[in-house]
Amino acid sequence: MGSILVTGIRELTTNEGPRLRDAAVVIDGDRFAWVGPAADAPDADQRVDADGRAALPGWVDSHTHLVFAGDRSAEFESRMAGQPYAAGGINATVSATRAASDDELRAGIARLVAEARAGGTTALETKTGYGLTVDDEVRSARIAAAAVDEVTFLGAHVVPEGADRVEYLELVTGPMLDAVAPWVTAVDVFCERGAFSAEESARVLAAATARGLAAHVHGNQLGHGDGVRIAVEHGALSVDHLGFLTDDDVEALAATWQGDGRGTVATVLPACDLSTRMPLAPARRLIDAGAVVAIASNCNPGTSYTSSMAFCVATAVLQMGLTIEEAVLAATLGGAIALDRHVDRPGRPRLGVVAPGARADLQLLDAPSVSHLAYRPGMPLTSAVWRAGVRVV
Ligand SMILES: N=CN[C@@H](CCC(=O)O)C(=O)O
Ligand SMILES: [Zn+2]
């Protein structure tokens, strides 16, 4: 694979400084090799003319649930007719997922990954959590690991129907976790009414930490609760949803970034908030307080059946009060920080920026500026996408 010069970029968002006008980038192998003014660009083996389009890092979608079977459109329809969302709906997808063949699950995730890429997503995390037996969780983790960048174990999604709560928690924090560990980098827990209590969630996270796995928390989605506190206490990479936050929760998340080490990212899920008719997470308040915010799709069949990060960015701008730059940053570098993929590691170049050495994940928009993502909401603006230096759209 030779080097590629992408030139004629009218506006380039790098996430490393102000947007650049009339810029170019050089991709060499799976990484960016050069970034700067088009007039100074070096030669490359291949040349692509962006023709005045805007360019930005590919979306980093740090929260999805893509290994599943079945359809919950009837549940969605009754929700739109006034029924509230309840965690119990997860069991419908668990039954359908258990009944599906490996090939069906593989085809399902491949379809969703292709949809995400077509919309400019170049890095994806996905969670298990619709298997909830040792074999079904291992199967989900294995299938996910072949399809996405990061896999998170969500055995603690709900206590499956028919299982004993105490025994299930033993399983999730012991044998099930050990069985999925080869395919996952992190563990998540749904700390919510109808799912797991604060004490149970703390046990799940402690088991993850004891095995050197990172932690995420689904929290403060359906009401005020302990999700943020538990996440912060366990040094979780992120706590996600956050529709119901007290001032103390906001302060606690901001405070995690005030020391030397890394903090806990506040991941907001605008499409989920809309699809469940829940309050929008207070992303403006979080940023103003000093928290680091990520935007993710939460693509799943129950609460947010979309992988469109552009839709999430537009909603964050139009409904949550973020600026264009804040929303784009949160949907790219914010997601990379939430996954701990914002730093270079051997064989794992950093994500979420356009900078020499970073993974060459780039999208071109059929628009002169990223502002069009919110200025022209709902329009299909993705024009070209490179992932790890390979053109995928
Ligand atoms: N809240 C927990 N899990 C998913 C929903 C899963 C479902 O309803 O199938 C979420 O992030 O919204
Ligand atoms: Zn989720």
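Residues numbered from 1 in each chain as written. Chains lettered and ligands numbered in written order. Predicted model: local features only at pLDDT ≥ 70, side-chain atom pairs only at ≥ 80, totals over all residues. Heavy atoms only, no water.

Chemist: Would you mind going over the sheet that holds strand β6 (residues 59-61) with me for this structure?
Modeler: Paired through backbone hydrogen bonds, the strands of a sheet run either parallel or antiparallel to each other. Across the sheet, eight strands lie side by side as β6-β7-β8-β9-β10-β11-β12-β13; this open sheet has parallel pairing. The open sheet terminates on both sides in strands that have one partner only, identified here as β6 and β13 (293-295). Adjacent strand axes in the sheet meet at a mean angle of 25° when their direction is disregarded. Of the pairings in the sheet, the one linking strand β12 (residues 265-268) to β13 comprises three bridges and is parallel in character. Directly across from A266, in β13, lies its bridge partner V293. (Pairing = 2+ DSSP bridges. Helix = DSSP H or I, 4+ residues; strand = E, 2+ residues; numbered from the N terminus. Axes fitted to C-alpha atoms, helices over the stretch in contact; angles between N-to-C directions.)

Chemist: What am I meant to see in the site of ligand 1 here?
Modeler: Taken together, 15 residues form the shell around ligand 1, and within it R72, Y85, Y130, Q221 and T303 come nearest. Within the side chain of R72, one N or O atom sits 2.6 Å away from an oxygen atom of ligand 1. Interatomic distance of 2.6 Å between a side-chain N/O atom of Y130 and an oxygen atom of ligand 1. A total of 330 Å² of accessible area belongs to ligand 1 in isolation, and the protein chains cover 100% of it. Residue composition of the shell around ligand 1, by class: four nonpolar, ten polar and one charged. (Near = heavy atom within 4 Å. Polar contact = N/O pair within 3.5 Å; in protein donor to acceptor, adjacent residues only side chain to side chain. Areas by Shrake-Rupley, 256 points an atom, 1.4 Å probe, with all protein chains shown as cover. Nonpolar A, V, L, I, M, F, W, Y, C, P; charged D, E, K, R; others polar.)

Chemist: Would you mind showing me how to read helix α9 (residues 247-255) here?
Modeler: Three or four residues apart is the spacing at which side chains of an α-helix point the same way, because the helix has 3.6 residues per turn. Within α9 the residues assigned to the buried category are D249, V250, L253 and A254. Down the axis, α9 shows its buried residues gathered within 130° of arc, on one side only. Opposite its buried face, α9 presents the exposed residues D247 and D248, each directed more than 90 degrees away. (Buried < 20%, exposed > 50% of the residue type's maximum accessible area, 1.4 Å probe, protein only. Arc of directions from axis to C-beta.)

Chemist: Sorry if this is basic, but what is going on with the coordination of the zinc ion (ligand 2) here?
Modeler: The protein atoms donating to the zinc ion (ligand 2) are H63 (NE2), H65 (NE2), H218 (NE2) and N298 (OD1), with metal-donor distances spanning 2.0 to 2.5 Å. Along the chain, the residues donating to the zinc ion (ligand 2) are arranged with the sequence spacing H-x1-H-x152-H-x79-N. Here N298 lies in the loop between β13 and α12 (309-318) and H63 lies in the loop between β6 and α1 (73-80), a separation of 235 residues in the sequence. Under the relative-accessibility criterion, N298 is labelled buried at 1%. (Donors = N, O, S within 2.8 Å, 3.2 Å for Na, K, Ca; no water.)

Chemist: Quick question: what am I supposed to make of the UniProt feature "binding site: Zn(2+)" (unreviewed entry) in the protein chain here?
Modeler: On the UniProt side, "binding site: Zn(2+)" (unreviewed entry) is annotated at positions that read H63, H65, H218 and N298 here. These annotated residues cover 236 residues of sequence, but their C-alpha atoms sit close together, with the largest distance between any two at 12.2 Å. Residue class for H63 comes out buried when judged on its relative accessible area of 0%. If we skip the residues at most four places from it in the chain, H63 touches E125, K127, H218, D240, H241, L269, A296, S297, N298 and C299. Apart from residues lying up to four places away in sequence, N298 is in contact with D61, H63, T64, H65, H241, L269, C272, T303 and S304. (UniProt positions renumbered as here; feature names shortened; annotations may be inferred. Contact = heavy atoms within 4.5 Å.)

Chemist: Just to check I follow, could you spell out the confidence of the model for the protein chain for this structure?
Modeler: Scored by pLDDT, the protein chain has a mean of 98; 100% of the residues are at 70 or more. Taken together, the chains of this predicted complex give a pTM of 0.98 and an interface ipTM of 0.99. (pLDDT = per-residue confidence, 0-100.)

Chemist: Is there a simple way to explain α12 in this structure?
Modeler: Among the ten residues in α12, seven count as buried, and that is most of the element. Taken residue by residue, α12 has M309, C312, V313, A314, T315, A316 and V317 as its buried positions.

Chemist: Explanation requested: the pattern of salt bridges in the structure shown.
Modeler: Oppositely charged side chains can form a pair if their charged atoms are brought close together. Summed over all chains, the structure comprises 30 salt bridges. In this structure, the salt-bridge partner of D247 is R285, at a minimum N-O distance of 3.2 Å. Taken together, the residues span a long stretch of sequence, with D247 in helix α9 and R285 in helix α11 (residues 283-289) at a distance of 38 residues. For D247, a relative accessible area of 55% gives the class exposed. Among the salt bridges present, the one from R350 reaches D344, with a minimum N-O distance of 3.9 Å. Under the relative-accessibility criterion, R350 is labelled buried at 18%. Classification of D344 as partly exposed rests on a relative accessible area of 43%. Through salt bridges that share partners, D102, D136, R139 and R142 make up one connected network. (Salt bridge = Lys/Arg side-chain N within 4 Å of Asp/Glu carboxyl O.)

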